[in-house]
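Structural overview
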Amino acid sequence: MKQEIIGFCEYFATGEGMTYMLMSGTEEAIKDFAGPYFSIGLTFFSFEDMRKALIAGGSNDIDNPIVKAAEMLNGHLPTVAKLIQKYGYCEFTYKLHHNLT
């Protein structure tokens, strides 16, 4: 059985804007969702590590990818964050893109 994990991608390019992706599944399924271009920048976390980051709450370590991912879950997908905290697992996909130019 393949392990279910969480994938996180944060991408910025001048003129292209910001893209964030958070998703769960196997590594292959996450890479398929992200596509070949964004797959290069993916960071993967176990559900247990994400659960611990969510329970720990805010951290000043904004350069830590798991802290950024936990903040994205809390701010953009609070129901998913609560499910992970309570049950340790749920299936989800999320993509946010905005261009400020």
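Let me begin by describing the structure that accompanies this report. Because the structure is predicted, anything quoted here is derived from the model rather than measured.

Quick notes on the rules
The residue numbers shown here count from 1 along each chain, following its written sequence. A pLDDT threshold of at least 70 governs which residues receive local features in this predicted model, and a stricter bar of 80 or more applies before side-chain atom pairs are shown or counted, although totals over entire chains, interfaces and linings include all residues. Hydrogens are left out, water is left out, and the side-chain values use all remaining heavy atoms of the structure. At least two DSSP bridges between two strands are needed for those strands to be called paired. Helix and strand definitions follow DSSP, with helices as H or I runs of at least four residues and strands as E runs of at least two, each counted in order from the N terminus. Helix axes are fitted only over the stretch in contact, all axes being lines through C-alpha atoms; the angle between N-to-C directions runs from 0 to 180 degrees. The criterion used for residue contact is that any of the two residues' heavy atoms lie within 4.5 Å. The buried label applies to any residue whose accessible area, calculated with a 1.4 Å probe on protein chains only, is under 20% of its type's maximum; exposed applies above 50%, and partly exposed to all values in between. The salt bridge criterion pairs a side-chain nitrogen of Lys or Arg with a carboxyl oxygen of Asp or Glu, the two atoms within 4 Å.

**Concerning the sheet that holds strand 3 (residues 43-45)**
Spatially, four strands are ordered 3-1-2-4 in an open sheet, and the strand pairing comes out antiparallel. This sheet does not close on itself; its edge strands, each paired only once, are strand 3 and strand 4 (93-98). Strand-to-strand twist of the sheet, defined as the mean angle between neighbouring strand axes without regard to direction, takes the value 10°. Across six bridges, the pairing between strand 2 (residues 17-25) and strand 4 is antiparallel. Of the residues in strand 4, the one forming a bridge with Leu22 is Tyr94. Running over the sheet, helix 1 (residues 27-39) touches strand 1 (5-13), strand 2, strand 3 and strand 4 and is turned about 165° from strand 2. Against the sheet, helix 2 (residues 47-56) makes contact with strand 1, strand 2 and strand 3, and its axis sits at roughly 70° relative to strand 1, the strand it touches most.

**Structural notes on the pairing of strand 1**
Within a regular strand, the side chains alternate between the two sheet faces. Judged by how many residues are buried, strand 1 sits mostly within the fold: seven of nine residues are covered. Pairing analysis gives nine bridges linking strand 1 to strand 2, with the strands arranged antiparallel. Within strand 2, the position partnered with Phe8 by the bridge is Leu22. Counted between consecutive antiparallel strands, the loop separating strand 1 from strand 2 contains three residues, among which Gly15 sits at a positive phi close to 85°.

**What to know about the pattern of salt bridges**
Taken as a whole, this structure holds three salt bridges when the rule is applied. Taking the shortest distance from any N to any O, the salt bridge between Glu10 and Lys68 comes out at 2.9 Å. Placement of Glu10 in strand 1 and of Lys68 in helix 3 (residues 65-76) is noted, with a sequence separation of 58 residues between them. The salt bridge involving Lys31 is made with Glu27; its shortest N-O contact spans 3.0 Å. A residue pair is termed a helical-turn pair when its members lie 3 or 4 positions apart in one helix, as Lys31 and Glu27 do in helix 1 at four residues. For Glu27, a relative accessible area of 33% gives the class partly exposed.

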